[in-house]
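# A closer look at the structure
Spelled out from the first residue to the last, the chains are:
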Amino acid sequence: MVRAFSVHVIRTLRLGWIIAAIVASTVGMVRAAESSEPLQMIVMDPLALPLSCTCVEGTGQRRYDILAGFIANKIGRPIKVTFEESINLALIRTGGKADIIIGKRSMVLFDAKYTKLSVRPIAALTGKDGSTRLHGVFLVRKDNPAKTLADLAGGKILLGPVEDADTHAAAIAALAKAGVKNKLQIDTAGSIDAAAIAVVDREADAAVVSAFMIPLLEGCGKLEPNSVRVIGRTSPLAFVEVFVTEAVSNETARKLVAALYAVRGDAQLLKVMESQNGFIPIAKPDAAADPSANAHRWTDWRGAGRAGLMPNLPSALPNAPKRLWSTKLTGPAMAGPAATDAYVVVPDKSADFATDIFRCLDAATGREVWTLEYAAPEEIDYSNAPRATPVIQDGLVYLLGAAGHLHCVELTTGKVKWAVNLFHDFGADELLTWGTTSAPLVVDQMLIINPGAAEASVVALDRLTGRVIWKSPGHPAAYSAFIAGRFGGRRQIIGYDVAGIGGWDPKTGRRLWEVIPTEGTDFNVTTPIIVGDKLLLATENNATRLYAFDSEGKLQPKPIAVNDDLAPDTCTPVVINGRIFATGYGKLYCLDLTDGLKTVYHVEDDMFYDHVNITAGNNRVLIWTMAGDLLLISADADQYKLISGLRPFGPGSLDSMAHPAMVDDLLYLRSKNELICLRIGGQ
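The model shown is predicted, which means the values in this text are computed figures rather than measured ones.

### Digging into the overall build of the chain
Along the backbone of the chain there are 9 helices and 46 strands. The C-alpha atoms of the chain give a radius of gyration of 26 Å, which matches the 26 Å a tight globule of 683 residues would have. When the backbone C-alpha atoms are referred to their principal axes, the chain occupies close to 70 × 65 × 50 Å. Classification of the 683 residues of the chain by burial places 60% in the buried group. Taking the contacts inside the chain whose residues are at least 6 apart along the sequence as the reference set, 63% of them involve residues at least 24 apart. Working note: accessible area of the chain is about 26400 Å², and carbon and sulfur atoms make up 51% of it. Taken together, the 68 basic and 73 acidic charged side chains of the chain have centroids lying 5 Å from each other.

### Here's the deal with the sheet that holds strand β29 (residues 490-496)
Pairing in this open sheet of 4 strands is antiparallel, and the strands run β28-β29-β30-β31 from one edge to the other. With one partner strand each, in any of the chains shown, β28 (483-487) and β31 (511-515) form the two edges of the open sheet. Put simply, the sheet's adjacent strands are angled 30° from each other on average, direction ignored. By the bridge criterion, 4 bridges tie β29 to strand β30 (residues 501-504) in an arrangement that is antiparallel. The residue of β30 that forms the bridge with glycine 495 is glycine 502.

### A look at unusual backbone geometry
The phi dihedral of arginine 306 falls on the positive side, at around 55°, and the residue is not glycine. Tracing the chain through its elements places arginine 306 in the loop between β14 (279-280) and β15 (322-328). Relative accessible area serves as the criterion here: at 2%, arginine 306 is assigned to the buried category.

### Digging into the packing of helix α2 (residues 64-75) against helix α8 (residues 250-262)
Between α2 and α8, the least distance of the axes is 9 Å, while the angle of their chain directions is 125°. In terms of their interaxial angle, α2 and α8 are classed as oblique. Every pair of crossing elements has a handedness; the one defined by α2 and α8 is right-handed. Side by side, α2 and α8 meet where Phe70, Ile71, Lys74 and Ile75 of the first sit next to Lys255, Leu256, Ala259, Leu260 and Ala262 of the second. Here the contact of α2 with α8 is composed, by residue class, of 7 nonpolar, no polar and 2 charged.

### Considerations on the sheet that holds strand β24 (residues 441-443)
Strands sit in the order β24-β25-β26-β27 across an open sheet of 4 strands; the sheet is antiparallel. Only two strands of the sheet have a single partner each, and these edge strands are β24 and β27 (468-472). If you compare each strand with its neighbour and ignore which way they point, the axes differ by 20° on average. In terms of strand pairing, strand β26 (residues 458-462) meets β27 through 4 bridges, oriented antiparallel. For alanine 460, the partnering residue across the bridge sits in β27 and is tryptophan 470.

### A word on helix α5 (residues 169-177)
For α5, every residue scored as buried is listed here: Ala170, Ala171, Ala174 and Leu175. The buried residues of α5 all sit within an arc of 140° when viewed along its axis, so they share a single face. Residues of α5 that are buried in the fold lie against β7 (136-141), β8 (156-159), β9 (185-188), β10 (206-210), β11 (228-233) and β12 (237-238). Taken from the residues just after α5, glycine 179 is the one with a positive phi, measuring 80°.

### So, the layout of surface pockets
Empty space within the second largest pocket amounts to approximately 820 Å³. Forming the boundary of the second largest pocket are 30 residues, of which Trp434, Val525, Thr570, His611 and Met657 lie nearest the centre. Taken together, the residues of the lining of the second largest pocket sort by class into 16 nonpolar, 11 polar and 3 charged.

### Here's the deal with the environment of lysine 349
Mapped onto the elements of the fold, lysine 349 is located in strand β17 (residues 343-349). Using a relative accessible area of 0% as the deciding quantity, one classes lysine 349 as buried. Spatially, the C-alpha atoms of lysine 349 and alanine 333 are 9.2 Å apart, while their sequence positions differ by 16 residues. Here lysine 349 is in contact with Thr330, Gly331, Pro332, Ala354, Thr355, Asp356, Ile357, Ala376, Asn384, Ala385 and Pro386, once residues within four sequence places are set aside.

What counts, and where the lines are drawn
- Residues numbered from 1 in each chain as written.
- Predicted model: local features only at pLDDT ≥ 70, side-chain atom pairs only at ≥ 80, totals over all residues.
- Heavy atoms only, no water.
- Helix = DSSP H or I, 4+ residues; strand = E, 2+ residues; numbered from the N terminus.
- Rg over C-alpha atoms; globule rule 2.2 N^0.38 Å.
- Buried < 20%, exposed > 50% of the residue type's maximum accessible area, 1.4 Å probe, protein only.
- Contact = heavy atoms within 4.5 Å.
- Areas by Shrake-Rupley, 256 points an atom, 1.4 Å probe, with all protein chains shown as cover.
- Lys, Arg positive; Asp, Glu negative; His and termini not counted.
- Charge placed at Lys NZ, Arg CZ, Asp CG, Glu CD.
- Pairing = 2+ DSSP bridges.
- Axes fitted to C-alpha atoms, helices over the stretch in contact; angles between N-to-C directions.
- Parallel < 35°, antiparallel > 145°, perpendicular 65-115°, else oblique.
- Left-handed = near helix turned anticlockwise from the far one by under 90°.
- Nonpolar A, V, L, I, M, F, W, Y, C, P; charged D, E, K, R; others polar.
- Arc of directions from axis to C-beta.
- 1 Å grid on protein atoms, 1.4 Å probe; cavity = no way out; pocket = protein on both sides within 12 Å on 5 of 7 lines; lining within 4 Å.
- Points joined across faces, edges and corners; volume = space filled by probe spheres on them.

Below is the structure:
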């Protein structure tokens, strides 16, 4: 695929730069021998010097040649640099070789899929403001009376190309949220700058461009200063990230990461890279605006946004999935793993039930990289093995045991940064009957935990140091995981305690609201589900309810929809394509979210009686039963439609409550004595 358009400024403006760029040349002094195989770096960053214009001083002039020399010196290996707008064009120039790719995340992933190149992100570049994120902005002419996106109804808007997620997918999401997606003509421009020019030329009423482009377009004379104005913006997405291909070994990738992180200490390099803090660990993607980005990691309970979505589910499971590796475990299968493209972290228990064990494995081989072990002999119903999924964020992983032991460790080394105990350190009266199960929640630079103590029911810790930021008094803890989102215009943390559901202000810890269920209390095991600006709850005594929020961000006590059929005790529902899927007491239910939670169908089977984990993606629903059945069903059929069914661990009851994890097309499943890695893609 050869793009017939420029991504950020018209190709003719920068053709001279591309021709003049020293592409595929060795840069930097290196410590390695001359015979060392050079690494091929492809640069697609729209703000790189050869790919941008020089009309605005200090913007669009990033010196990747200097960066390559810096990295080469750090890792002891030469680096060749090629600048291009697409991976496809770059591969033509490099003879098909690519080791490192740097560019806008959405475009790299788009091109990698087209060229069938396997890539994984290893670091993100901060901008001059310190951010790694990018907004698309909605432009109108200065004389256009529109003030909000809603005012665009009846007009015509031009989006950027599909591969530019900030100006396309995120823009569509913003229009849908504003209620005008179906009320205006939406077209896709050949390039982002062409969309902006069309607005000025009155060929369209509005356009979406990347936020950084406005001063460049004005500086290059494509837009007259102050000829357009911004009336809205998209949700933020990841901007420039560094990727490595499968040709790069894990060891080389680790060296590259260390070299990239070292940029922060070089003031001159920061200046020429137009960066405040250099390169930092990859942040969690925005699940709503860029769901495809989540396919490359499973770093939280139920994945990104705790939504249970697996974007890379195949249309059908292979008859015999390839088992890439397996690793022996010693404890009950209570907690599922968290995984990146480089590491898999799985909670475990010693065979004598006296020690908690957390194992970090090499994602490529299953080889053990490090373990964290500590004494945890407390007696707890249904074993005392850890229940909470590890949470990975910015190079750290948060590990929680059933007896309340919480450790923050370095992902690559297992070095403990800090540790607390949820019960002993915060004054909780006693252990929970089934142990603590709520995976800690990362909110900005905080880690939210729920000790359930009278004066510390919910607590925010500095996630880097473990220091207490705030403590909120309240009820004893429940078992459900907390979530965070914006409801009724107010950002808040939402979760269960033993009494009911509540919301907290993330900045202060002040409790914003509380709702006690009408049909008696529940065990409160299932996770609340975010459905747009509403909240879906499903529990054993109060069944399934959909709630709205008032303008002050408080949950309205009366649900706007109720389904009394689905009443799960432990199975958290998943939402896909306007359908809700969950199990309860031997039945699998499908509900219609768009029709008052009406039951579409249910199917009864003994395999659905015990705990079941359900995920969804790609118009499919993946069901993992406690007995070891792996089922793939249609997400949009009006009756139960089994597409594939497997028993990956063979015959016999498995007794696994552990949630699966999926990274790209790799599925991680565990039994009480084994973790396996299956490749389920390619169907």
